[in-house]
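# Reading the structure
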Amino acid sequence: MFIPTLVLWLLSASPEAPVTPPVPVEAPPPVMPADVPPLTEAVRVLLRLTIDSGGEVSQVEVQESGGTAFDRAAMAAALRWRFEPARQGEEPLEVRVDVPVMFEPVALSPVMEVEEPAPPPKPEPPAFSTTVRGQSAAPPPVAVGDFHITVGQLADVPRNSATDLMLLAPGVMLANHGGEGHAETVYLRGFDAGEGKDVEIRLDGVPLNEVSNAHGHGYADTYFIIPELVQSLRVTEGPYDPSQGDFGVAGTVEYQLGLEQRGITASASYGSFASRRLSLVWGPPESTAATFVGVLLRQGHGFGPNRAYANAGLMAQTELRLGPETKLRLFGASYGARYGSAGVVRETDVVDARLPCEPDADSQFFCLYDPNQGGASQRHIASVELTSRLERGGRFVQQAFAIARQMRSRENFTGFLQDTPPIGEAQRGDNTEQSYQGTTVGLRGRYTPGLTWWGQPQPVELGYVARYDNVHTRARRLRDKGGAPYATVFDNQVRVTNLGAYLSLRGAPLEWLTLRGGVRVDTFLFGVEDLNRPAEDRQGARIPEESVEAYGFFASPRASAEVRLTPRLTWLTSAGLGARSSDAAGLSDAEFAPYARVTSGETGLGWRWGDGPSSLELRSAVFATRVSQDLVFSETTGRNQPIGPSQRLGAFGSARFLWEQHLDVQASLAWARATQPLPGAPSWRLWDGAVLPYIPQLLGRVDASWRGTATVARQPVGWSVALGHSAIGPKPLPLDRYSESIFLFDVAARARWRAVELGLSVENLLDARWRESEFNYVSNFRGPDAPASLLATRHFSAGAPRTVRGTLTVYLDLQEDRP
């Protein structure tokens, strides 16, 4: 691997007024061309750039070529650079620069040349120079737990889906009891956030949480996101950023898309349990990382009975320049999936070999009761985003999006327990079908005026969101035999309008002190048509429908203070209020809709060394959170139900170390205690109360990747090895029970020669028998006529055994090199 080094000399002429140099905002380094052999000496490309008064690179010309492949790599990187514009006084300037870009072997020290300045397009300010480091600068965090995570080399670590990228943030655990294609249950910051009820999830600004989903309010399925197209994530743990909206109780996760690799990359995998994966991603060589196309197909038998799956997805985006100050980004995605699910089994039935599978331990562990479980989903997304650079460094971003969504799932958690059959008949079964279908349309935008007070830029941001959902959500009970519906639990047509706005500002009254703050206001209008009312009441026959309207409003202030103790060490304290909107299915007519209010505070330290290809970042913090109305999974309904207030006390630490382009290591350790407060207890006693079930108190995670180059038969071969390790402490279960600790190891290795790469990955390397989800409750799976036990027992869904997968990847560049 090689390090492209950039030194940028900006030029000017007029010595009459002082000039403020441009400040780099985003400066991602060039990507080493994929189809070139390892360098033995440096390759030099001389670019001539025009940086306009908005800080954008408006034109790139090659003055001296280093070869077509290197020219394209350097030009593609330069088009992505962004600056605060050069200024003469208060007036932004357009300047022209000559930039020598050096592609060098890692062993060589970077040597840069200074070129004679090209004639500027307008009168020039005094000469000056600035250096652009080889990494883009993320905006400053609003809290210690505000992470801007570049995936980078850690993409080498084995992952089933883009959802697994959340594990790069501390205090995150994922579990799935619904099958390969069902949304993951997210545990974050001591919250059982369900499939999205307490964590706001976005895809480049497009909201993914679904209001009043039959499976759970806030349900968010990220399985459709193609992992190869995820460039970075922003994970904000806690409600500390004014831009965070509905469902941001435990925090917010935003996937940010981009494809650094230009050309075509085709990958095919085959592995255990007939798992097959085919991906194709393409980035036109002349475009930026924001332009790409990706296709992903997955299929397999699953690691046990009734676990087969098949899904296909497409994501495409293009970025167009409409002028020197404006760019347009068009995005679309389409996805469809079908999957089976084994559901849960009783621990005692596994031990006693009562399940309808072979009697050996492994067959019983991965067995099931009800084969009529599983689901299907479809999703289609369209998004348009317009970004305009304004005078004095301001920016205006407008986005419009539309989502069409359909899903259906079938699950049975209790067997034969919930039905009240007609007199003389047996129980018909507790299998529950949950369906959701509808559309979401919306607008969101943000405006940064580019104000300057006391001679310093003052970041101020105004933002808004307008979202409308029109969905049909329904839950029905299904017969054990045949799967026909026999009873409707609820059937609602829901229309929700969410209008929100926020103000965020940041100032530095002292050199060592930075203050941030803001407020967000949200309003909700709910319209519900209940289609499952009785056909007759005490006054006689009636139409079995009823309409309900309700209104809700909440304001959420947030603030933080950053104290710079040393040039590398920062102390950051944050506090904020957040909220979760009401599930429309539980509202009454003309009600002022209640909402769950979260109050959270955090304080901690951050330390960073290095800004170039080698760096080390350490963070640690303690936090406390209180929620006015929490939700916990109920086995009787198969969804989360309200339990009253809850509270959390916790701490975390994280570290990320990068060494050149060889080693990338991310490690974290988090502890959290979630409890229900005792009646009448003071709010500051956050450690007292009954422990909430299912939430692990201790979580650890390590992701690491090592890359290098070897010589095989006199041919250079690139290689990489990667490790992912999760350690999950005992999870509390109802009735004072605890689960066992879980330790999982995933490894991968790859070797690349020229355009061909071979890879091997092994997930659950030690072949542990682990329980992905665990519960403790009463059930009856012995049959409709069997007497139901009144004793709670442990239930679980099995985690995947050792899974081996081989991969062949081919890197293609369809544009021929010019002499």
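Here we summarise the structure given alongside this text. (Residues numbered from 1 in each chain as written. Predicted model: local features only at pLDDT ≥ 70, side-chain atom pairs only at ≥ 80, totals over all residues. Heavy atoms only, no water.)

### Some details on the overall build of the protein chain
Along its length, the protein chain carries three helices and 51 strands. Counting over 819 residues, the protein chain shows a buried share of 54%. Of all intrachain contacts in the protein chain linking residues separated by at least 6 positions in sequence, the fraction that spans at least 24 positions is 67%. Entry remark: accessible area of the protein chain is about 34100 Å², with carbon and sulfur atoms responsible for 59%. (Helix = DSSP H or I, 4+ residues; strand = E, 2+ residues; numbered from the N terminus. Buried < 20%, exposed > 50% of the residue type's maximum accessible area, 1.4 Å probe, protein only. Contact = heavy atoms within 4.5 Å. Areas by Shrake-Rupley, 256 points an atom, 1.4 Å probe, with all protein chains shown as cover.)

### Concerning the side chain of Arg648
Residue position: Arg648 is located in strand S40 (residues 639–659). By relative accessible area, which is 1% here, Arg648 ends up buried. One polar contact links the side chain of Arg648 to the main-chain carbonyl oxygen of Gly190, over a distance of 2.6 Å. A polar contact is formed between the side chain of Arg648 and the side chain of Ser646, at a distance of 2.8 Å. (Polar contact = N/O pair within 3.5 Å; in protein donor to acceptor, adjacent residues only side chain to side chain.)

### Comments concerning the state of the cysteines
Structurally, a disulfide amounts to a covalent bond that connects the sulfur atoms of two cysteines. This model, assessed by the stated rule, comprises one disulfide. A disulfide bridge connects Cys357 with Cys367, and the sulfur atoms are separated by 1.9 Å. Linking Cys357 and Cys367, the disulfide has an S-S dihedral of approximately 80 degrees and is accordingly described as right-handed. Placement of Cys357 in the loop between helix H2 (347–351) and helix H3 (361–365) and of Cys367 in the loop between H3 and strand S25 (374–389) is noted, with a sequence separation of 10 residues between them. A relative accessible area of 27% means that Cys357 is categorised as partly exposed. Assessed through its relative accessible area of 2%, Cys367 is described here as buried. (Disulfide = S-S within 2.5 Å.)

### Observations concerning the pairing of strand S19 (residues 263–271)
Bridging between S19 and strand S20 (residues 275–283) involves nine bridges; their strand directions are antiparallel. Opposite Thr265, over in S20, you have Val281 as the bridge partner. (Pairing = 2+ DSSP bridges.)

### Here we look at unusual backbone geometry
Note on backbone geometry: most residues besides glycine have negative phi, and most peptide bonds are trans. If you check the backbone angles, Phe273 has positive phi at about 60 degrees while not being a glycine. Residue placement: Phe273 occurs in the loop between S19 and S20. If you check the backbone angles, Tyr694 has positive phi at about 75 degrees while not being a glycine. Note on placement: Tyr694 falls in the loop between strand S42 (690–691) and strand S43 (698–712). Accessibility expressed as a relative area gives 4% for Tyr694, which makes it buried.

### Description of the nonpolar core
Within the largest apolar cluster, 57 residues are counted, with the highest numbers of intra-cluster contacts made by Leu203, Ile225, Val230, Tyr255, Leu257 and Met315. Apart from residues no more than four positions distant in its own chain, Tyr255 is found in contact with Ala162, Thr163, Met166, Ile201, Arg202, Leu203, Asp204, Thr222, Ile225, Val230, Ser232 and Leu233. Judged by nonpolar contacts, the second largest core, of 22 residues, contains Leu49, Ala73, Trp81 and Val97. (Core = buried A, V, L, I, M, F, W, Y, C linked by side-chain atoms within 4.5 Å.)

### So, the sheet that holds strand S12 (residues 172–175)
Strand pairing in a sheet is mediated by backbone hydrogen bonds. Such pairs are either parallel or antiparallel. The strand order S12-S13-S14 describes an open sheet built from three strands, whose pairing is antiparallel. One side of each edge strand has no neighbouring strand; the edge strands of this open sheet are S12 and strand S14 (191–192). Pairing analysis gives four bridges linking S12 to strand S13 (residues 185–188), with the strands arranged antiparallel. In the strand pairing of S13, Val172 is matched with Leu188.

### Things to note about the pattern of salt bridges
Evaluation of the coordinates by the stated rule reveals 43 salt bridges. Across the pair Glu562 and Arg516 runs a salt bridge, and its minimum N-O distance is 2.8 Å. In this pair, Glu562 is assigned in strand S35 (residues 546–564) and Arg516 in strand S32 (residues 513–530), connecting sequence segments 46 residues apart. The exposure classification of Glu562 matches that of Arg516, with both residues buried. Overlapping salt bridges, with partners in common, bring together Lys197, Asp198, Arg580, Asp630 and Arg648 in one network. (Salt bridge = Lys/Arg side-chain N within 4 Å of Asp/Glu carboxyl O.)

### Section: the sheet that holds strand S17 (residues 230–237)
Across the sheet, which stays open at both edges, the five strands sit in the order S11-S17-S18-S15-S16 with mixed pairing between neighbours. Looking at the sheet topology across the chains shown, the edges are occupied by strand S11 (146–150) and strand S16 (206–207). One ladder, built from five bridges, connects S11 with S17; its direction is antiparallel. Residue Thr150 lies in a different strand from S17, and its bridge partner there is Ser232.

### Looking at the packing of aromatic side chains
One pass over the structure, following the stated rule, counts 14 aromatic pairs. Seen from their ring centres, Phe396 and Tyr447 are 6.0 Å apart, and the 85 degrees between their planes marks the pair as edge-to-face. Residue Phe396 is found in strand S26 (residues 395–411), and its partner Tyr447 is found in strand S27 (residues 431–448); the two are separated by 51 residues along the sequence. When its relative accessible area of 33% is taken as the criterion, Tyr447 is described as partly exposed. Every member of this aromatic cluster is reached through a ring pair, and the members are Phe303, Phe365, Phe366 and Phe796. Arg771 extends its terminal NZ or CZ atom over the ring of Phe796, reaching a point 4.7 Å from the ring centre. (Phe/Tyr/Trp six-rings, centres within 6.5 Å; stacked < 30°, edge-to-face > 60°. Lys NZ or Arg CZ within 6 Å of the ring centre and 35° of its normal.)

### A closer look at the environment of Gln378
Counting through the fold element by element, Gln378 comes out in strand S25. Judged by its relative accessible area of 42%, Gln378 is partly exposed. Sequence separation of Gln378 and Ser334 is 44 residues, and the distance between their C-alpha atoms is 7.8 Å.

### Section: the pairing of S32
Of all 18 residues making up S32, 13 are buried, and the element is well covered by its neighbours. As defined by bridge partners, strand S31 (residues 485–510) adjoins S32 across 17 bridges and the pair is classed as antiparallel. Counted as the bridge partner of Leu503 is Val519 from S32. Between the antiparallel neighbours S31 and S32 lie two residues. Judged from the 18 bridges that link them, S32 and S35 form a sheet pairing that is antiparallel. Within the sheet, the bridge partner assigned to Phe524 lies in S35 and is Gly552.

### Thoughts on a nonpolar patch on the surface
On the surface, Leu390, Phe396, Tyr447, Leu462, Leu503, Leu505, Val519, Val521, Leu525, Tyr551, Phe553 and Phe592 cluster together to form a nonpolar patch covering roughly 960 Å² of accessible area. For the nonpolar patch, the leading source of residues is S32, giving three residues. Structurally, Val519 is set in strand S32. On the basis of relative accessibility, which here comes to 31%, the residue Val519 falls in the partly exposed class. (Patch = residues over 30% accessible without salt bridge, like charges linked within 9 Å, V, L, I, M, F, W, Y side chains within 5 Å.)

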